[in-house]
Amino acid sequence: MVTVIIGCQWGDEGKGKMVDFMSQDADMVVRVQGGANAGHTIVSGGQQYILHLIPSGILNPKTTCVIGHGVVIDPKVVVEEIALLKSLGVSVEGRLKISNRAHLVMPYHKVLDRLKEEAASAATGSKIGTTGRGIGPAYMDKAARTGVRVVDLLKPEQLKKKILENIAFVNKVLEGVFNAPEIEAQAIMDEYLAYDKELDSYITDTGALVNQAIRDGKKIVIEGAQGALLDVDLGTYPYVTSSNTTAAGAATGSGIGPSKIDKVIGIVKAYTTRVGGGPMPTELLGETGENIRQVGKEFGATTGRPRRCGWFDAVVVRFACEASGVDELVITKLDVLDQMPSLKICSGYRYEGELQKYFPADLDILSGAEPVYEEMPGWQAPTTDIKEFSALPAGAQNYLNRLEILVGVPIKLVSVGADRMQTIHK
Ligand code: IMP
């Protein structure tokens, strides 16, 4: 049984908690795209830690965790996460599997990421607002067929040659385009040659492993990172990440056929958030947005940046669900809205007097789109201890039922707090 869990907004939908909830009895959890731009908070001994690359399913001793070939892997981050987990008494031996086909994030990717953002900011005042983790440049090298792959770590001579070739090119770009200092190859070669020893025992053909697990009838959860509207093909381009965050990315990034996916679960917040630049039609710039940010603790797990907050946008979620063939929805952070006197849901956009039925590709239209809102009374009562849908305040039930109708996908679970127990079946 293969279940794909993806975010259906701009990321940070609370996938971490839901993957954790749904992976309790999973044999395998697989990451398929993105890199250390993602962040999942885990709690151990009252302390909070953030994992960026190793799936949080690693905390379950019977779960095998796979970093699939669609991920761009920063080996430094993986080594740090392995050490962190060991210090917490979590053994990853035999349970962490890293794809030999995955591409590596190199130190120069992070330098280029930062310089490109600074240059865009200086030239136009507008940047993507990346996480600075080198994601875009790493995927650029992958698509340009110049990337360094995990399998190269196992062949020192090939690794050195590739690093030297890449750095020669990068240095020309640094000098000619950015007027920035050159990068020194030796230190990078030494650092990356050492990763072979540290990561060797985890490196394998994970595609073969996942396909074997499917044949063995294992329970597999594929965990998407970021959200559908950050998908490089379907999202608010260019204000997107550089991978396929929609459900299709689960197949290409793990090496399984799309026909092997049994269920796609879409995670959405009861409102909308976004980090970084780009249009967000339902953004609330005033007090209400600030209130949602504070109550919902809407600050980035990877960068700590305040998230932009706004009303639920049904156009966004409908589009995301269609693009991913979402079977079931999970609504998270409903409790954040508990004290709102009234709530708005965006059911469509109006642009130059015309109603837009579909999520537009043209960012000028999206930026100029006026959300068409439905307003509903809030419930102004706590929901955090409620265990059944029928026990939710009538206003909360009405709100959820309306979201379901506007999106056109059944809601299966509702989350009303960070704890695994604070999850209601609908
Ligand atoms: P990048 O993936 O670091 O290149 O960033 C590109 C865009 O995706 C920026 O707007 C980031 O804020 C956003 N982004 C990347 N990863 C995440 C995430 O895990 N959650 C939310 N936004 C993200």
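Our structure's up above, just so we're on the same page.
To start, this report covers the structure provided alongside it. What you see is a predicted model; the values in this text were computed from it and never measured.

Focus on the overall build of the chain
Thought 1: Looking only at helices and strands, one finds 12 helices and 20 strands in the chain.
Thought 2: Taking the principal axes of its C-alpha atoms as reference, the chain extends roughly 65 × 50 × 40 Å.
Thought 3: Looking at the chain as a whole, 55% of its 426 residues are labelled buried.
Thought 4: Within the chain, contacts between residues at least 6 apart in sequence are counted, and of these 76% link residues at least 24 apart.
Thought 5: When the accessible area of the chain is evaluated, it comes to approximately 17,900 Å², of which 52% is carbon and sulfur surface.

A word on the sheet that holds strand β9 (residues 203-204)
Thought 1: Read across the sheet, 10 strands follow the order β9-β7-β5-β2-β10-β1-β11-β15-β19-β20 without closing on themselves; strand pairing throughout is mixed. In the strand order of this sheet, the two ends are held by β9 and β20 (423-425), each with one partner.
Thought 2: Note that strand β1 (residues 2-7) and strand β10 (residues 220-227) share 5 bridges and pair parallel. Bridged to valine 4 within β10 is isoleucine 222.

Some words on the packing of aromatic side chains
Thought 1: Counting across every chain of the model gives 5 aromatic pairs.
Thought 2: When the centroid spacing of 5.7 Å and the interplanar angle of 85° are considered together, the rings of phenylalanine 319 and tyrosine 358 count as edge-to-face. Here phenylalanine 319, found in helix α10 (residues 314-324), pairs with tyrosine 358, found in the loop between β17 (354-356) and α11 (363-368); they are 39 residues apart in sequence, far enough to count as distant.
Thought 3: Using a relative accessible area of 11% as the deciding quantity, one classes phenylalanine 319 as buried.
Thought 4: Of the residues examined, tyrosine 358 reaches a relative accessible area of 46% and is grouped as partly exposed.
Thought 5: Members of the aromatic cluster, connected to one another through ring pairs, are Phe319, Tyr349, Tyr358 and Phe359.
Thought 6: Just above the ring of phenylalanine 389 sits the side chain of lysine 426; from NZ or CZ to the centre is 5.0 Å.

Focus: the site of the ligand
Thought 1: Inspection of the region around the ligand gives 16 residues, with Asp12, Asn37, Thr131, Thr241 and Arg305 positioned closest.
Thought 2: At a separation of 3.3 Å, a nitrogen atom of the ligand approaches a polar side-chain atom of glutamine 226.
Thought 3: Separating an oxygen atom of the ligand from a side-chain N or O atom of threonine 241 is a distance of 2.6 Å.
Thought 4: Against a free-state accessible area of 470 Å², the protein chains account for coverage of 95% of the ligand.
Thought 5: Residue composition of the shell around the ligand, by class: 7 nonpolar, 7 polar and 2 charged.

Details of the pattern of salt bridges
Thought 1: Considering all chains together, one arrives at 21 salt bridges under this definition.
Thought 2: Measuring nitrogen to oxygen at the nearest pair gives 2.8 Å for the salt bridge that ties arginine 307 to glutamate 298.
Thought 3: We classify arginine 307 as buried; its relative accessible area is 8%.
Thought 4: In this structure glutamate 298 comes out as buried when scored by relative accessible area, which is 0%.
Thought 5: Two residues, lysine 333 and glutamate 298, come together in a salt bridge whose shortest N-O distance is 2.9 Å. Taken together, the residues lysine 333 in the loop between β15 (328-332) and β16 (342-351) and glutamate 298 in the loop between α9 (287-295) and β13 (308-310) connect sequence positions 35 residues apart.
Thought 6: The network of salt bridges with shared partners includes Asp12, Lys269, Glu298, Arg307 and Lys333.

Some points on the environment of methionine 340
Thought 1: Within the fold, methionine 340 resides in the loop between β15 and β16.
Thought 2: Methionine 340 gets classed as buried once you look at its relative accessible area, which sits at 6%.
Thought 3: Counting along the chain gives 38 residues from methionine 340 to glycine 378, while the straight-line C-alpha distance between them is 5.4 Å.
Thought 4: Contact partners of methionine 340, with chain neighbours within four places excluded, come to Thr288, Asn291, Ile292, Trp311, Gly378, Trp379 and Gln380.

Here's the deal with the side chain of glutamine 422
Thought 1: With respect to the helices and strands, the residue glutamine 422 is situated in the loop between β19 (411-415) and β20.
Thought 2: A relative accessible area of 17% means that glutamine 422 is categorised as buried.
Thought 3: Discounting residues that sit within four places of it in the chain, glutamine 422 has contacts with Lys17, Thr384, Val414, Ser415, Val416 and Gly417.

A look at the pairing of β19
Thought 1: Counting buried residues along β19, 4 of its 5 residues qualify, which places the element largely inside the surrounding structure.
Thought 2: Bridge count between β15 and β19: 3 bridges; the pairing is parallel. By the bridge assignment for β19, leucine 329 is matched with isoleucine 411.

Quick word on the side chain of aspartate 231
Thought 1: Considering the arrangement of structural elements, one finds aspartate 231 in the loop between β10 and α8 (248-252).
Thought 2: One buried charge, aspartate 231, has no salt-bridge partner; the nearest side chain with opposite charge is arginine 274, at 12 Å.
Thought 3: Among the polar contacts listed, one links the side chain of aspartate 231 to the backbone nitrogen of leucine 234, at a separation of 3.0 Å.
Thought 4: In this structure the side chain of aspartate 231 is engaged in a polar contact, spanning 2.9 Å, whose partner is the backbone nitrogen of threonine 245.
Thought 5: Not counting chain neighbours up to four residues away, the residues in contact with aspartate 231 comprise Val240, Ser243, Asn244, Thr245 and Thr246.

With respect to the packing of helix α3 (residues 107-124) against helix α5 (residues 156-176)
Thought 1: Where α3 meets α5, the axes come as close as 11 Å, and the angle between the chain directions of the two elements is 20°. Classed by the angle they form, the pair α3 and α5 counts as roughly parallel. In the packing of α3 onto α5, the handedness of the crossing is left-handed. For the pair α3 and α5, contact is made by Tyr108, Val111, Leu112 and Leu115 and by Asn166, Ile167, Val170, Val173 and Leu174, respectively.
Thought 2: Taken together, the residues of the contact of α3 with α5 break down into 8 nonpolar, 1 polar and no charged.

Thresholds applied
Residues numbered from 1 in each chain as written. Predicted model: local features only at pLDDT ≥ 70, side-chain atom pairs only at ≥ 80, totals over all residues. Heavy atoms only, no water. Helix = DSSP H or I, 4+ residues; strand = E, 2+ residues; numbered from the N terminus. Buried < 20%, exposed > 50% of the residue type's maximum accessible area, 1.4 Å probe, protein only. Contact = heavy atoms within 4.5 Å. Areas by Shrake-Rupley, 256 points an atom, 1.4 Å probe, with all protein chains shown as cover. Pairing = 2+ DSSP bridges. Phe/Tyr/Trp six-rings, centres within 6.5 Å; stacked < 30°, edge-to-face > 60°. Lys NZ or Arg CZ within 6 Å of the ring centre and 35° of its normal. Near = heavy atom within 4 Å. Polar contact = N/O pair within 3.5 Å; in protein donor to acceptor, adjacent residues only side chain to side chain. Nonpolar A, V, L, I, M, F, W, Y, C, P; charged D, E, K, R; others polar. Salt bridge = Lys/Arg side-chain N within 4 Å of Asp/Glu carboxyl O. Lys, Arg positive; Asp, Glu negative; His and termini not counted. Axes fitted to C-alpha atoms, helices over the stretch in contact; angles between N-to-C directions. Parallel < 35°, antiparallel > 145°, perpendicular 65-115°, else oblique. Left-handed = near helix turned anticlockwise from the far one by under 90°.

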